[in-house]
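Results of the structural survey
Next come the chains, spelled out residue by residue.
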Amino acid sequence: MKKIRIGCGSGGCAYERIEPAIELVCKGNIDYLVFECLSERTITDAQKDRIADPAKGYNPMLQERMSRILPLMRDHDFKIVSNMGGANAPEAVRQIEAIAKDLNVSVKIAMVEGDNILPSIHAYDAIPLFDADGSIVRDKDGHEKHLEDLQHVLSANVYLGSAAIRQALDEGADIVVTGRVADVSLFMGPLLHEFNWSDNAFDLRGQGLLTGHLMECCTQLTGGCYADPGVKDVKGLARLGHPIAEVSEDGAVLFTKVEGSGGFVSVDTCKEQMLYEIGDPSCYLTPDGIADFSHVSFEQVGTDRVRATGATSRLATDTYKANVGYLDSYLGVGAISFGGSTALDRARLCADVVQGRWHILGLKPLEKRIDFIGYDSLYGETIARTYEQRASYDIRLRIAVRASSEEQAKLLIREMQCLYINGPAGAAGIRTHIEPSISLASILVPCADIGIGTVKIREV
Amino acid sequence: MKLRDIAHIRTGDKGNVCNIAVILYDPVNFDALKAKLTSSVVKNFYCEQCRGEVKRYEVPSIGALNFVLSNALDGGVTRSLAIDRHGKSLGMALGELEL
């Protein structure tokens, strides 16, 4: 029975540790190394980077990561699949080529494009915006919002499926670089290339989608985002091992990690990750099929070895999800600390002072949020009142505003900058910050408009 | 008894939607948990955060309930004025719920 091992080198954070990926290659006996480098927000940031500098817009860790990983391709037989291309796959490929030449490593690099629909965005002006629960987004008066209602669109990318990645691997690529593709597709590409599962092999594809979903957030499967001292202890968090999926042609799936690395793989870490960022577990929409995880079970078959069974799937819909990033306002944030037994009272007084100043100056934010860090900043006052055992001696007032312009945001927030001497006693540690607020909206785009994406291969 | 004594919790986000997975350490308690932890209990718990509905999905094969909170993240990770723009901390509060 043919069996492959896929390791995950990164899980969508802006920064990811590099040495666990090296460990996967050197000790994990992997056939594929997947770097998942995009989150909902990063593609928009990448697009902004590219607009500011046409030579940017790919993953900022690309050079450092590839300089360390490419030399390992001489002695280890593995392929790389990654969405490191971000908003600029051509430049990402050029960079990898240059590094490979420098290091004298011969590789075939494939570039997958076709996710960027910004040039043709106006063709979709009349399409309604939807939220992740499938509901149509409405304005305050209950009217449906459409793409054309968004001003200052900065990025628009469909989530491509695995077909182009698979094609690149079929054509012999050693490294596949994409822009936006669905996270699971980075894993489905290698699986379909290796096993050639048919379109209606719904159980096999379901197991493949489960593999991709559990692997895509990397260490969230091996003990990351899990530890709760005394309740759920995790050893070796500072050197967490990255996950490995062992997948057989018949759809058998086992999750593990490199022996001796930190963290652990257990039935419980797998269960948590299976439901991470999932709505209806029987209907998880991806461009590679609709996954049904509602009958999955996990079994611990050895130390750090968990078998997963019971996933299935249905045919994908005929639309791609596209995320559209747009500039809609400016955010201003200011924070200031108070200590001692009356800290919360003085922080509240301080918030009143700031709002009093806005009133005097005739300033009004579009929206505001006032938090008392150390009391109610994460859960709001209802939960804080129920569960807070005693008043904290250490409170940080945080005021966040949304404003229509950068200038307005500055005027609102600068009222916090003079409170060392104008505010309540012992105001400390003032920090302020203004940034553009990039919002995201989602639309559905017919697959027929986009195709599977394009593949270009270059050899070094 | 608190929810956290019998279950572990992971929170995820997509757009303006938050999902909170409540997973029993021992799935034998599944029916009892289902009876206690209804959508309306969770909606009431997050009355300040969740401006939409709460849907509950049952996954008996892993002894878990998945709660999906609509319009719960102040516009979502790219737009929220909150410190915790993803809402990653939300689930840990639910663990304190007395059952």
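All residue numbers refer to positions counted from 1 along the written sequence of the respective chain. Here chains are named by letter from A upward and ligands by number from 1 upward, in the order in which they appear as written. Under the rules for a predicted model, residues below a pLDDT of 70 receive no local features and side-chain atom pairs below 80 are neither given nor counted, while totals for whole chains, interfaces and linings still include all residues.

1. Section: the overall build of chain A
A run of H or I in DSSP becomes a helix once it reaches four residues, and a run of E becomes a strand once it reaches two; helices and strands are each numbered from the N terminus. From N to C terminus, chain A includes 13 helices and 18 strands. Judged by the C-alpha coordinates and their principal axes, chain A covers about 75 × 55 × 45 Å. When the 460 residues of chain A are sorted by exposure, 50% land in the buried category. Taking all contacts inside chain A whose residues are at least 6 apart in sequence as the whole, residues at least 24 apart take part in 75%. Think of it as a crowd count around each C-beta: if 20 or more other C-beta atoms lie within 10 Å the residue is buried, if 12 or fewer it is exposed, and in between it is partly exposed, with C-beta placed from the backbone throughout. Contact criterion: two residues are in contact if their C-beta atoms, reconstructed from the backbone, are within 7 Å.

2. Here we look at the confidence of the model for chain B
The predictor reports its confidence for every residue as pLDDT, a score running from 0 up to 100. Per-residue pLDDT for chain B has a mean of 95; in total, 100% of the residues score no lower than 70. Across the interface, the model reports ipTM at 0.97; the global pTM reads 0.96.

3. Considerations on the interface of chain B and chain A
Interfaces are often described in size by the accessible area the parts lose on coming together. Between chain B and chain A, the residue contacts involve 34 residues of the former and 44 residues of the latter. Among the secondary structure elements, those contributing two or more residues to the side of chain B that touches chain A are β1 (7–14), β2 (17–24), β3 (54–59) and β4 (64–69) of chain B. Tallying contributions element by element places β1(B) first for the side of chain B that touches chain A, with five residues. Residues were grouped as follows: Ala, Val, Leu, Ile, Met, Phe, Trp, Tyr, Cys and Pro as nonpolar; Asp, Glu, Lys and Arg as charged; and all remaining residues, including Gly, as polar. Residues belonging to the side of chain B that touches chain A are distributed by class as follows: 14 nonpolar, 13 polar and seven charged.

4. Re helix α7 (residues 202–215) of chain A
Expected helix span is taken as 1.5 Å per residue step, with the number of steps being one fewer than the number of residues. Its 14 residues give α7(A) an end-to-end C-alpha distance of 20 Å, which sits within 8% of 20 Å, the value for a rise of 1.5 Å per residue. By the criterion of burial, α7(A) is predominantly enclosed, with twelve of the 14 residues buried.

5. Quick word on the sheet that holds strand β13 (residues 312–314) of chain A
Residues and elements named next belong to chain A. A pair of strands is labelled paired if DSSP reports no fewer than 2 bridges between them. Strand order across the open sheet formed by three strands is β9-β10-β13, with antiparallel pairing between neighbours. Here the strands that pair on one side only, and so sit at the sheet edges, are β9 (284–286) and β13. Across the sheet, the axes of successive neighbouring strands diverge by a mean angle of 30 degrees, strand direction being ignored. For strand β10 (residues 289–292) and β13, the ladder comprises three bridges, and the chain directions are antiparallel. Counterpart to D292 in the pairing with β13 is T312. Axis geometry follows a simple rule: fit a line to the C-alpha atoms, using only the stretch in contact for helices, then measure angles between N-to-C directions, giving values from 0 to 180 degrees. Those strands touched by α7 are β9, β10 and β13, and its axis lies near 110 degrees from that of β13.

6. Overview of the environment of A:E64
As for its position among the elements, A:E64 is in helix α3 (residues 62–69). When the C-alpha positions of A:E64 and A:I18 are compared, they lie 8.6 Å apart, and in sequence the two are 46 residues distant.

7. Remarks on the environment of A:G251
Structurally, the position occupied by A:G251 is in the loop between β7 (243–248) and β8 (253–257). Apart from the residues within four sequence positions on either side, A:G251 is in contact with A:D203, A:L204 and A:Q207.

8. Side note on the sheet that holds β7(A)
Hydrogen bonds between backbone groups are what pair the strands of a sheet, and the pairing can be parallel or antiparallel. Residue and element names in this part refer to chain A. Strand order in the open sheet formed by ten strands is β11-β12-β8-β7-β1-β2-β3-β6-β4-β18, and the pairing between neighbours is mixed. Here the strands that pair on one side only, and so sit at the sheet edges, are β11 (297–302) and β18 (454–459). The average angle at which neighbouring strand axes cross in this sheet is 20 degrees, direction not considered. Examined bridge by bridge, β7 and β8 share five bridges and lie antiparallel to one another. The residue of β8 that forms the bridge with E246 is L254. Contacts from helix α1 (residues 19–27) reach β1 (3–11), β2 (32–36) and β7, with the element oriented near 165 degrees to β1. Packed onto the sheet, helix α4 (residues 89–103) meets β4 (108–113), β6 (175–178) and β18 and runs at close to 170 degrees relative to β4.

9. Remarks on the pairing of β6(A)
Residues and elements named next belong to chain A. Where burial is concerned, the two faces of β6 agree: the one with I175 and V177 and the one with V176 and T178 are both buried. In terms of strand pairing, strand β3 (residues 79–82) meets β6 through three bridges, oriented parallel. Opposite V81, over in β6, you have V176 as the bridge partner. Examined bridge by bridge, β4 and β6 share four bridges and lie parallel to one another. Among the inter-strand pairings, M111 is bridged to a residue of β6, identified as V177.

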